Amino acid sequence: RDYRAGAFVEVVRPESAADIDGLPAGVIVTEIEGQAITTAEEAQFALARQARRDRPALVRVRRPDGLTAFYDLASPFVD
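This report concerns the structure included in the present document. All of these numbers come straight from a predicted model, not from anything done at the bench.

Here we come to the pairing of strand β2 (residues 28–32). Most of β2 sits out of view: four of its five residues are buried. Strand direction decides the pairing type here: strand β1 (residues 7–8) and β2, joined by two bridges, are antiparallel. Along β2, the bridge assignment pairs Phe8 with Ile28. The sheet contact formed by β2 and strand β4 (residues 57–62) spans four bridges and is antiparallel. Its bridge partner lying in β4, Ile32 is registered against Val59. Relative to strand β3 (residues 35–36), β2 runs antiparallel, the two sharing two bridges. In the strand pairing of β3, Ile32 is matched with Gln35. Here β2 folds back onto β3, and the loop between the two strands holds two residues, one of which, Glu33, carries a positive phi near 50°.

Definitions and cut-offs
- Residues numbered from 1 in each chain as written.
- Predicted model: local features only at pLDDT ≥ 70, side-chain atom pairs only at ≥ 80, totals over all residues.
- Heavy atoms only, no water.
- Buried < 20%, exposed > 50% of the residue type's maximum accessible area, 1.4 Å probe, protein only.
- Helix = DSSP H or I, 4+ residues; strand = E, 2+ residues; numbered from the N terminus.
- Pairing = 2+ DSSP bridges.

Right under this line is the structure:
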């Protein structure tokens, strides 16, 4: 897989699911629930799908230092 693509997290809104679950700004989302993410729109769609199912979302990111990290967003609400 090519993880150079992805959705850059520029801002994490206070009190959002990402903020509550510790997802930091400055990372690149590369995968949500095993689905490769190449755009912000894909990330929003995947998170909204999990929210509609009332399920958490496992999010894989590439940190600025190049390492991979995983975040489990318990309430992946997207508005």
